[in-house]
Amino acid sequence: WVRQRIGKPIQGWSGYGPWSYDPAGPDNEYLLDKELRIRTHRQTAKPSLSAIEGIQSIRDILRNPRGIVRLVGLSGVGKTRLLLALFDDRLGEHSLDQTLVIYTNLVDIPNPQPIALVSELINTGKRAILAVDNCPPDLHQHLSEACHSDRSLLSLITVEYGIREDQPEGTDVFVLEAASVNLTEKLIRHRFPELSQLDSRRIADFSGGNA
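Residues numbered from 1 in each chain as written. Predicted model: local features only at pLDDT ≥ 70, side-chain atom pairs only at ≥ 80, totals over all residues. Heavy atoms only, no water.

Caption draft 1: Quick look at the overall build of the chain. Across its full length, the chain carries seven helices and eight strands. Overall, the C-alpha framework of the chain stretches about 55 × 45 × 30 Å when taken along its three principal axes. Among the 211 residues that make up the chain, the fraction classed as buried is 44%. The long-range share in the chain, meaning contacts at least 24 apart out of those at least 6 apart in sequence, stands at 76%. Distance between charge centroids for the chain: 3 Å, based on 24 positive and 27 negative side chains. (Helix = DSSP H or I, 4+ residues; strand = E, 2+ residues; numbered from the N terminus. Buried < 20%, exposed > 50% of the residue type's maximum accessible area, 1.4 Å probe, protein only. Contact = heavy atoms within 4.5 Å. Lys, Arg positive; Asp, Glu negative; His and termini not counted. Charge placed at Lys NZ, Arg CZ, Asp CG, Glu CD.)

Shown next as structure tokens:
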């Protein structure tokens, strides 16, 4: 209310919360299996990782100022849900600090715009992890360049629908693949326990790994 009155409103930005569609919210269990679901070209990591290995690898980057990550994958494979999992202290080790994250989805028309908020955070010396969903490549490049500046205490993760293999400069790119049929069936039975095992399996088969 105060920011609206002084002409500096905040619209479309939020802290840690229910960014992805999940009836139980961000406290719901993040389901895992041992299948390899994440591809990366990082020299310090294997080219294919399980979800928990990928989560740990992304955490290691974002924990430090000026760490930049790009998370891409087809629609419906769970990119935003994985983004939430980075801050879940029940998963793996050394989860990211939930109080540091500032999230927006560009479809919500955030105000201020991401590049303006980044500039303000850098100028005021704030430590934050910026998460921008549905972020196109050109905006990612602008945000990455700003977050790499010497004065920056920001980390950045952007998320986009896409499967392009481009590697933006100064960015670690992670590609999230579709879930396995077994993991999708596990999710269905977790959400809809009234379904029979046969029906759950058939729906999982039809889904093609799209949650």
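Let's pick the thread back up.
Caption draft 2: Fine view of the packing of helix α4 (residues 114-123) against helix α5 (residues 137-147). As a packed pair, α4 and α5 sit with axes 10 Å apart at the nearest point and diverge in direction by 5 degrees. With respect to α5, the axis of α4 lies roughly parallel. For the pair α4 and α5, the contacting residues are P114, I115, V118 and I122 in the first and L139, H142, L143, A146 and C147 in the second. For the contact of α4 with α5, a count of residues per class yields eight nonpolar, one polar and no charged. (Axes fitted to C-alpha atoms, helices over the stretch in contact; angles between N-to-C directions. Parallel < 35°, antiparallel > 145°, perpendicular 65-115°, else oblique. Nonpolar A, V, L, I, M, F, W, Y, C, P; charged D, E, K, R; others polar.)

Caption draft 3: Local environment of the sheet that holds strand β5 (residues 101-105). The strand order across the open sheet built from eight strands is β1-β5-β6-β7-β4-β8-β2-β3, with neighbouring strands paired in mixed fashion. Looking at the sheet topology across the chains shown, the edges are occupied by β1 (13-14) and β3 (48-50). (Pairing = 2+ DSSP bridges.)

Caption draft 4: View of the layout of surface pockets. Its boundaries defined by the atoms lining it, the largest pocket holds a volume of some 770 Å³. If you trace the largest pocket, you find 33 residues lining it, with G76, G78, R81, L187 and A211 closest to the centre. Going through the elements one at a time, α3 (79-85), β7 (154-161), α6 (181-191) and α7 (197-207) are the ones with two or more residues in the lining of the largest pocket. When residues in the lining of the largest pocket are grouped by element, the largest group, five residues, is from α6. Across the lining of the largest pocket, the residue classes break down as 14 nonpolar, 11 polar and eight charged. (1 Å grid on protein atoms, 1.4 Å probe; cavity = no way out; pocket = protein on both sides within 12 Å on 5 of 7 lines; lining within 4 Å. Points joined across faces, edges and corners; volume = space filled by probe spheres on them.)

Caption draft 5: Spotlight on the confidence of the model for the chain. For the chain, the mean per-residue pLDDT works out to 90, and 93% of the residues sit at or above 70. Element-level mean pLDDT values for the chain span from 80 in helix α1 (residues 2-5) up to 98 in strand β6 (residues 128-133). (pLDDT = per-residue confidence, 0-100.)

Caption draft 6: Layout of α6. All of the buried residues in α6 are L183, T184, E185 and I188. For α6, the secondary structure elements touched by its buried residues are β2 (36-40) and α7.

Caption draft 7: Looking closely at the packing of aromatic side chains. Applying the stated rule across the entire model yields four aromatic pairs. Between Y16 and F87 the ring centres are 6.2 Å apart and the planes differ by 55 degrees, which places this aromatic pair in the tilted class. With Y16 in the loop between β1 and β2 and F87 in the loop between α3 and β5, the pair connects residues that are 71 residues apart, well separated along the chain. Judged by its relative accessible area of 22%, Y16 is partly exposed. (Phe/Tyr/Trp six-rings, centres within 6.5 Å; stacked < 30°, edge-to-face > 60°.)

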